[in-house]
Each structure stands twice: as structure tokens, then as C-alpha cells.
Amino acid sequence: MKPIISSEEKKRRYRKRQRILTIIGLFVVAGLIVLTCFTEGKPDLENYQPSAYSTFFALLPPLVAIVMALITKEVYSSLFFGIIIGALLYANGNLELGLNTMLYADDSGLIKKLSDTWNVGILVFLVLLGIMVALMNEAGGSKAFGEWASKRIKTRVGAQMATFVLGVLIFVDDYFNCLTVGSVMRPITDTHQVSRAKLAYLIDATAAPVCIIAPVSSWAAAVTSSVPDDANINGFSMFLKTIPYNFYALTTIVMIIFITKRGLDYGSMKVHEKNALNGDLFTTSARPYGDGSEDVKTESSTEKKGYDGRVIDLVFPVVVLIACCVMGMVYSGGFFEGVPFIQAFADADASYGLVLGSMVTLLISFAFYMIRGTLNFRAFMSCIGKGFMSMVSPVLILTFAWTLSGMTNLLGLKEFVADLVNGSANSLQMFLPVIIFAVALFLAFSTGTSWGTFAILIPIVCSVFATPETQEMLAISIAACLAGAVCGDHCSPISDTTIMASAGAQCDHVNHVSTQLPYALTAAGVSAVGFLLAGILGYVTENNSALIALPVSLIAMVVTLLVVEKIDKKKQA
């Protein structure tokens, strides 16, 4: 019989692991600093290249950060430690250069990342959405919507399916999806005792996986812009061809429906869901967004002030937010200057459009709440500070994640991966889709960026399959790149989309990553088989192999989940 470990013993072991990792980390950093003694002066930065450039060591910073985050359950220090290692590797032990690299390296240092207008736009968008959520709570809209929905959504399955459907409907942008779905559905899933970790998974699994198969989305624009201009390929048409081959996105959708309808949970998610049924939505002691009681306190205070919260106080701002963000994105793409709608989306600046749309929504919401008398001016202004404070955690994590990705760029991780893919391209064309899928998954997992992975691998794929006879393999291989990038992004603790999903669900970030990983890896395994089959069929027949590979992949997903369900029932028995 397995011995029962007390909570005090668990805490003691946890503290011991933290001390050991801290000591190891300090030794690594100290060893890198000691190299300073053997570095003569500051190098010539114009012709400078670190010793670790385009080698396996370029993977060290993100791998260390990810492993530390999963073991210590502490994100900030893990990301910062990875940044320090990356800066010191780049500096070849020169402490002065390392410090300057960490803070001020062009397009890579922490200060430079925060001075980038695209990055700052995303942070402002985060804060504005945090303010919108605080407003809806203060006005009593969240409570009213929760009461309205509870009369119509009677079960946990219904709450989860409603979250899934809303996630699919908001396909314009993954950032917008994560925070909007979370703010709308969180009161409902809390009422039906769905764990915050499960909510975070549902949000994350209907963000990037849905956006990557939606022709009208910011992700379609990113893929289109990644196709080289000299490739003589219509980027948008190629994106449309990849949709039936994007096995990871499609199998993930099938997986959500299956596990929701049949109540299947496995891995650490099973523990979170069991605890949620017993009243504990969080499982762990971590409460980066509070314990979930703040909304109740806020709503009761609004009732005392005589505010009359209605469903419209949540629905109207959300509808306006969706409309304004869509219009903001097409505006940034030149729609109002005569550019076609689809082309405007392809040319859109997501950061600019989302900030513009959310700012206009905030102003409209101010007028709406004032006219309705739902909030007074002082209560409205108090929500600005509350919204900002609620987003401090994701803002910090995003900033560190961007900087860590910058360190890997300085160390030549892109070039290292490009050499690996090019080295296998000529000799393994039949198996290239599954190889690209695996490489894209690993690269996106290590760097935390899908779009960066697109920019690296899509030009390589286009150069390998440049002839008219290989257009079928080109579509399959680009789809493999997109699917692998989304999967790696889905798994990575340093991914901005994963961070946003944690923020939307108000779930501890490490809890979200650890519970989501088994599900993402299951879909990844089935997708790898699908790309192996599609690659063989595409190489041999040069016809539409999706007619065979897609049904086989979807059936394989269902069969895999049935096997998992059977194993789970045996364990319960």
C-alpha cells in the first residue's frame, strides 16, 4: 500500500527541492561569471559572435527556465534565471557585456522589449481588458449573467461546452479570445464547479488551434506574411490549402468535445477536477488573482449603493468589444481606404487594432454605464486601478518571456534549427512533414512563439518544394509547420498565448501548464501519425492526401481517447 504523505512533509520536500535548485543555479551563474576573469576587455560588437552561437547551447536558456518553472512552480524567478544564463552565454563570460545584453541588446534586451511599440500595445490591451472585466464585475453584470446562464446551463458538461462554443466563435485573435472567453465564462464554470485549470485548458485549446484554421484572423495574416515575396506563392491561398492538413488543430477540437461529453479527465487535471467537485477550484495554494471571492464582494457592494446589475451590463460591452476590435484590425489594414476586407485582415497590425478597439470600447462603456446609472463616476474610475492590478502577473510573465526569446535569438537558435531542417530536406522528403512538425513543436516550445516559428521555417519549406510538381507536399509541410508551432506554443510555459489563457481563467500559470501538457501531447502524438501518413501519400500520389489522412487522424484521436478512458476506468476499479 502506498504510504500517505502529510501536507507538512510535502512542504518540507518542496522547500528542499527549491534549495537544491537554487544552489545549482547559483553555481551555474557563478561559473559563467568566473569566465569574466579570462575575458580581455569589451569585445568589438560590430563583428562579435558568441561561442555558443548556433549551437545546442542556444537551447539552454529556455530549457532551464521551463524545467525550473515546472519543478519549483515559480514562474518569475525561473524566467529571469533563463534570461541571465542567455545573457552570460552571449557575453562569453564578460559581466559588463552580459548586463548590457540582458537590458539593452537590440530587439532582445528587457528594456528594448518594453520600448517596442507592438509589445507595449499588447500590454496596454491586457490592461484595458482587465479594466473592462473590473467594470463588468463592479456593475453587477457578471453576477447577473451568471444567474441568467445558471438557469439555462444546468450541468458541468453544459458549462464546458458553452465555453468551447464561445471560444470557437471568437476566432479573430488568440489574445482577445483568451481574455474575453475567460471573463464571460468564469462565473458560470465556477458555479458548476469546473476547476480553473480545466477552464484555462478550454480557453487555450480554442484560442490558437481555432485561429490557425480561421481564414479571417490575425494568425492567417501572420502565416501569409511569412511566405517569401520571391517564392511566387499566394500566401493566403496557401493558408487555405493547409486547413484540412492541420491535424493538431482539428484533433484538438475533437478531443475537447470527446472529453467534455464523456467526462474524461486524466493526468494532473483529474486531481484538479476532483477537488473542484469538492469545492476547491484551485487545488494548490497559489492565488495570483485572488481566491475568487472578490467578485462577490464587489457585487454585494454595488447592491448596497443601489446599482441594478443586469445581463446587458456584461453583454453590451462584450459585443461592442468584439465589433470594435474587428473594426480596429481591418482599419489598421487599410479597409477604410479601399482595401478588400480579407486583404485588410491579412495586412492588419493586431497590436494596434486591438488597442484601438478596446480603448473605444472603454469610452463607449463609460457612456453606457453613466446613462444607465449602473455606476457613478468614482466607482468607474476605481475600476481602472483594479483592472491594472489584476493584470500585473501576466504583464510581468509576458515581459520576461519576450526577453528570454530575445536571448535565444542572440544565440542563433533560429540558424541552428534552420541547419537541422535543411540538412534533412533533400534525403528525407517523404518524411519531411513529420520532421517539420517535430522541429516546429520543439522550436515553439523553446522560444514560446508560434509566429517566430512561422517566420523561420516557412521560407525553408518554400525553398525545398519550389517546383509545380511538389505543391501538394508544400501544402502538407507548411501545415506541419503551423500545427507544430501551435502545439509547441500550447505546451510552453513561456508562450504568450498560454500566459493569456492563465490570465483569462485567473488560474495559476504553472497549474495551467502542468494540467494541459498531457492533453496537448496526446493530440501531438496523433498528429505526428497523421503527418507521417500524409507525407507518404503526398510523395507517392501527388494528389489530395487529406481525403485519407484527415479521417484517419480524427478516428485515431477518438480511438486513443477510448483507450485512455478504458485504462482510467480500470484504475478506478
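**Q** How would you summarise the overall build of the chain if you had to cite specific residues and measurements?
**A** The secondary structure content of the chain amounts to 28 helices and zero strands. For the chain, buried positions account for 55% of its 573 residues. A sequence separation of at least 24 residues applies to 81% of the contacts in the chain between residues at least 6 apart. Of the roughly 24100 Å² that the chain leaves accessible, carbon and sulfur atoms contribute 65%.

**Q** So what about the pattern of salt bridges? Which residues, and what values?
**A** Using the criterion set out here, one finds eight salt bridges in the structure. We note a salt bridge from Lys-386 to Glu-138, for which the minimum N-O separation is 3.4 Å. Of this pair, Lys-386 sits in helix α20 (residues 377-390) while Glu-138 sits in helix α6 (residues 117-138), and the two are 248 residues apart along the sequence. With relative accessibility at 3%, the residue Glu-138 sits in the buried group. Across the salt bridge formed by Lys-198 and Glu-273, the nearest N and O atoms sit 3.9 Å from each other. A residue pair is termed long-range when its members are at least 10 positions apart, and Lys-198 in helix α10 (residues 196-205) and Glu-273 in helix α15 (residues 268-277) qualify at 75 residues. Accessibility assignment for this pair places Lys-198 and Glu-273 in one class, buried. When salt bridges with common partners are traced through the structure, they connect Arg-156, Lys-198, Asp-265 and Glu-273 into a single cluster.

**Q** How would you summarise the packing of aromatic side chains if you had to cite specific residues and measurements?
**A** Enumeration according to the criterion identifies 13 aromatic pairs in this entry. Look at Tyr-266 and Tyr-519: their rings are 4.7 Å apart centre to centre, the planes differ by 85°, and that puts the pair in the edge-to-face class. Note that Tyr-266 is positioned in the loop between α14 (247-262) and α15 and Tyr-519 in helix α27 (residues 509-541), a separation of 253 residues in sequence.

**Q** How would you explain helix α21 (residues 392-410) if you had to name every residue and give the values?
**A** End to end, α21 covers 27 Å across 19 residues, agreeing with the expected 27 Å (1.5 Å per residue, within 8%). Burial runs high along α21: 15 of the 19 residues are buried. Where α21 ends, the next residue or the one after it, Gly-412, has phi of about 80°, a positive value.

**Q** Break down the nonpolar core for me, citing the residues and quoting the values.
**A** Nonpolar side chains tend toward joint burial in soluble globular proteins. Residues Leu-135, Tyr-201, Ile-212, Met-255, Phe-454 and Phe-531 are the most contacted members of the largest nonpolar core, which totals 167 residues. Residue contributions to this core peak at 14 residues, all from helix α25 (residues 471-491). Sequence-distant contacts of Met-255, that is, excluding residues within four places in its chain, are made with Tyr-201, Tyr-266, Tyr-519, Thr-522, Ala-523, Met-557 and Leu-561.

**Q** Which residues make up unusual backbone geometry, and what values go with them?
**A** With a phi close to 70°, Thr-283 is a non-glycine residue in the positive phi region. Examined against the element boundaries, Thr-283 turns out to sit in the loop between α15 and α16 (294-304). With a relative accessible area of 26%, Thr-283 lands in the partly exposed category. Phi angles above zero are rare outside glycine, and Gln-506 is one such case at about 50°. Within the fold, Gln-506 resides in the loop between α26 (496-505) and α27. Exposure remark for Gln-506: the relative accessible area of 18% places this residue in the buried category.

**Q** Describe helix α23 (residues 432-447), listing the residues and the values that go with them.
**A** With 16 residues, α23 should reach 22 Å at 1.5 Å per residue; the first-to-last C-alpha distance of 22 Å fits that figure. For α23, the tally of buried residues reaches 13 of 16 residues, placing the bulk of the element in the interior. Gly-448 sits one or two residues past α23 and shows a positive phi near 75°.

**Q** I'd like a rundown of the environment of Pro-288, residues and numbers included.
**A** For Pro-288, the position within the fold is in the loop between α15 and α16. Along the backbone, Pro-288 and Cys-507 are 219 residues apart, and their C-alpha atoms lie at a distance of 7.5 Å. When near neighbours in sequence (up to four residues on either side) are disregarded, Pro-288 contacts Ser-393, Cys-507 and Asp-508.

**Q** An account of the packing of helix α3 (residues 75-90) against helix α4 (residues 95-104) is needed here, citing residue identities and associated values.
**A** As a packed pair, α3 and α4 sit with axes 8 Å apart at the nearest point and diverge in direction by 130°. On the basis of the axis angle, α3 is oblique to α4. Handedness of the crossing formed by α3 with α4: right-handed. On α4, the residues touching Phe-80, Ile-83, Ile-84, Ala-87, Leu-88 and Tyr-90 of α3 are Leu-95, Gly-98, Thr-101 and Met-102. A breakdown of the residues in the contact of α3 with α4 according to their chemical character gives eight nonpolar, two polar and no charged.

**Q** An account of the state of the cysteines is requested, with residue identities and associated values reported.
**A** Throughout the structure, instances matching the rule amount to zero disulfides. A disulfide-free cysteine, Cys-487 has its sulfur positioned 4.3 Å from the sulfur of Cys-491, the nearest such atom. Judged by its relative accessible area of 4%, Cys-491 is buried.

**Q** Tell me what's going on with the side chain of Ser-477, and back it up with residues and numbers.
**A** The residue Ser-477 is located in helix α25 in this model. Not counting residues up to four positions away in its chain, the partners in contact with Ser-477 are Pro-433, Ile-436, Val-461 and Phe-465.

**Q** Can you explain the confidence of the model for the chain? Please cite residues and give values.
**A** Residues of the chain with pLDDT of at least 70 account for 83%, and the chain-wide mean is 80. A low-confidence stretch, residues 294-306 (pLDDT under 50), is modelled with 14 contacts involving residues beyond four sequence positions or located in other chains.

**Q** Give a description of the packing of helix α9 (residues 174-191) against helix α17 (residues 312-332) that names residues and reports values.
**A** Where α9 meets α17, the closest approach of the two axes is 11 Å, and the angle between their N-to-C directions is 170°. When the axes of α9 and α17 are compared, the pair comes out roughly antiparallel. Residue-level inspection shows Phe-176, Thr-180 and Val-184 of α9 in contact with α17, the latter providing Leu-314, Val-318, Leu-321, Ile-322 and Cys-325.

**Q** Outline a nonpolar patch on the surface, supporting the account with residue identities and numerical values.
**A** Taken together, the side chains of Met-327, Tyr-331, Phe-336, Tyr-352, Leu-356, Val-360 and Ile-364 present a nonpolar region at the surface, about 620 Å² in accessible area. Contributing elements (two or more residues each) for the nonpolar patch: α17 and α19 (350-372). Ranked by residue count, the leading element in the nonpolar patch is α19, at four residues. Along the chain, the position of Leu-356 falls in helix α19.

What counts, and at which threshold
Residues numbered from 1 in each chain as written. Predicted model: local features only at pLDDT ≥ 70, side-chain atom pairs only at ≥ 80, totals over all residues. Heavy atoms only, no water. Helix = DSSP H or I, 4+ residues; strand = E, 2+ residues; numbered from the N terminus. Buried < 20%, exposed > 50% of the residue type's maximum accessible area, 1.4 Å probe, protein only. Contact = heavy atoms within 4.5 Å. Areas by Shrake-Rupley, 256 points an atom, 1.4 Å probe, with all protein chains shown as cover. Salt bridge = Lys/Arg side-chain N within 4 Å of Asp/Glu carboxyl O. Phe/Tyr/Trp six-rings, centres within 6.5 Å; stacked < 30°, edge-to-face > 60°. Expected span 1.5 Å × (residues − 1). Core = buried A, V, L, I, M, F, W, Y, C linked by side-chain atoms within 4.5 Å. Axes fitted to C-alpha atoms, helices over the stretch in contact; angles between N-to-C directions. Parallel < 35°, antiparallel > 145°, perpendicular 65-115°, else oblique. Left-handed = near helix turned anticlockwise from the far one by under 90°. Nonpolar A, V, L, I, M, F, W, Y, C, P; charged D, E, K, R; others polar. Disulfide = S-S within 2.5 Å. pLDDT = per-residue confidence, 0-100. Patch = residues over 30% accessible without salt bridge, like charges linked within 9 Å, V, L, I, M, F, W, Y side chains within 5 Å.

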